[in-house]
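# Geometric and topological summary
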Amino acid sequence: MENNNKQEEENGVCSAESVDGSLDVWSCQNSDSSSADHLVVMVHGILGSTDDWKFGAEQFVKKLPDKVFVHCSEKNASALTLDGVDVMGERLASEVLEIIQKKTNIRKISFVAHSLGGLAARYAIGKLYKPAAQEEDLKEPLAESSEGPPKGTICGLEAINFITVATPHLGSMGNKQVPFLFGFSSIEKVAGLIIHWIFKRTGRHLFLKDEDEGKPPLLRRMVEDTGDCQFISALRAFKRRVVYSNVGYDRVVGWKTASIRRDSELPKWEDSLNDKYPHIVYEELCKACDVEDIPEGENHSDDIEEEIIKGLSSVSWEKVDVSFHSCRQRFAAHNVIQVKNEDMHIEGADVIEHIIDHFHA
């Protein structure tokens, strides 16, 4: 840890210890960090660790030194990601509350999450959401968002950016959602039956095999407000919601599930839109749709997937499609899009730059 801190200081970045000595918040060594009032929570994916977002965290504090604190989530490291999306979300929510209680100058909050971490983050904000009527402890008035008047906060903070990167929002069951299963329905069915042996409770959630006590699968429940989890209201509270997805070569999370689209909605894309971001191949803003009562379909994945799409489409999304088809590490696209390892996955640096350049600080 000492060597890492030394290197970070040379780069103008430091890791500031907080809470009980176990939680780190990244801020910039060469700035007046007291002026930073925006907490950026970065969440890793399955079997991941805080190091997965190290490159991204460093870029955030270098480019927005007086505006953001960056916290790389660490309460769901490694095998803890197998405990289930809900358990991960509960841990993440508690972790965020710890940070906020320590950093009393924080006024805003954003999430940047990779893969499974995006689902955990969606669960966590559902727990942390406060309706407008409960905002007596809000630190300053909310501004009106692009979708109308303010609709609540995330634990008393103004919700700004909710960004997911290669996250399986529709789950991983059927319709070629997991590319390494090659789209064969027989293989996908077998995977759905044995996935809990490998990925335990999380696998059941991802493959929509968790219909416990007569309830719909968790990912289906996470597209509406239920009980003490205000999932859709929490998403709506953010000024912007963004999904980054790989159009190909992602062997873990398919294009459709990462971009919250039906097959017919997958766009045609060009090689590049901008020299500055050579791997960004398509961008669109999908406005919120008026969704009436979501019909109860038969109990199989296609109907559930459609219900999830309809539920998530009740809020607007910016959709950014990414292709590493000409890159040396294209077969590691799931990690390259995050720059999980700076030495191996640096070809995805322009995606991180795109995230930061379009970030509302």
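The rules we used
Residues numbered from 1 in each chain as written. Predicted model: local features only at pLDDT ≥ 70, side-chain atom pairs only at ≥ 80, totals over all residues. Heavy atoms only, no water. Helix = DSSP H or I, 4+ residues; strand = E, 2+ residues; numbered from the N terminus. Expected span 1.5 Å × (residues − 1). Buried < 20%, exposed > 50% of the residue type's maximum accessible area, 1.4 Å probe, protein only. Axes fitted to C-alpha atoms, helices over the stretch in contact; angles between N-to-C directions. Parallel < 35°, antiparallel > 145°, perpendicular 65-115°, else oblique. Left-handed = near helix turned anticlockwise from the far one by under 90°. Contact = heavy atoms within 4.5 Å. Nonpolar A, V, L, I, M, F, W, Y, C, P; charged D, E, K, R; others polar.

By the naming in an unreviewed UniProt entry, the protein is Lipase ROG1, taken from Camelina sativa.

With that settled, consider helix α3 (residues 85-102). Compared with the 26 Å implied by 1.5 Å per residue over 18 residues, the 26 Å span of α3 between its first and last C-alpha is a close match. V85, D86, M88, G89, L92, A93, E95, V96, I99 and I100 are the residues of α3 that are buried.

Interaxial distance between α3 and helix α4 (residues 116-128) falls to 7 Å at its minimum, and their mutual angle equals 60°. On the basis of their axis angle, the class for α3 and α4 is oblique. For the element pair α3 and α4, the recorded crossing hand is right-handed. Counted together, V85, D86, M88, G89, E90, L92, A93, V96 and L97 of α3 and L116, L119, A120, A121, Y123, A124, K127 and L128 of α4 form the full contact between these two elements. Grouping the constituent residues of the contact of α3 with α4 by class yields 13 nonpolar, one polar and three charged.

Bringing the packing of helix α2 (residues 54-63) against helix α12 (residues 349-357) into the picture now. Close contact between α2 and α12 brings their axes to 10 Å; oriented N to C, the two are set at 45°. Judged by the angle between their axes, α2 and α12 are oblique. Judged by the sense of rotation from one axis to the other, the crossing of α2 with α12 is right-handed. For the pair formed by α2 and α12, the contact residues are F55, G56, Q59, F60 and K63 on the first element and A349, I352, E353, I355, I356 and D357 on the second. When grouped by side-chain class, the residues that make up the contact of α2 with α12 number six nonpolar, two polar and three charged.

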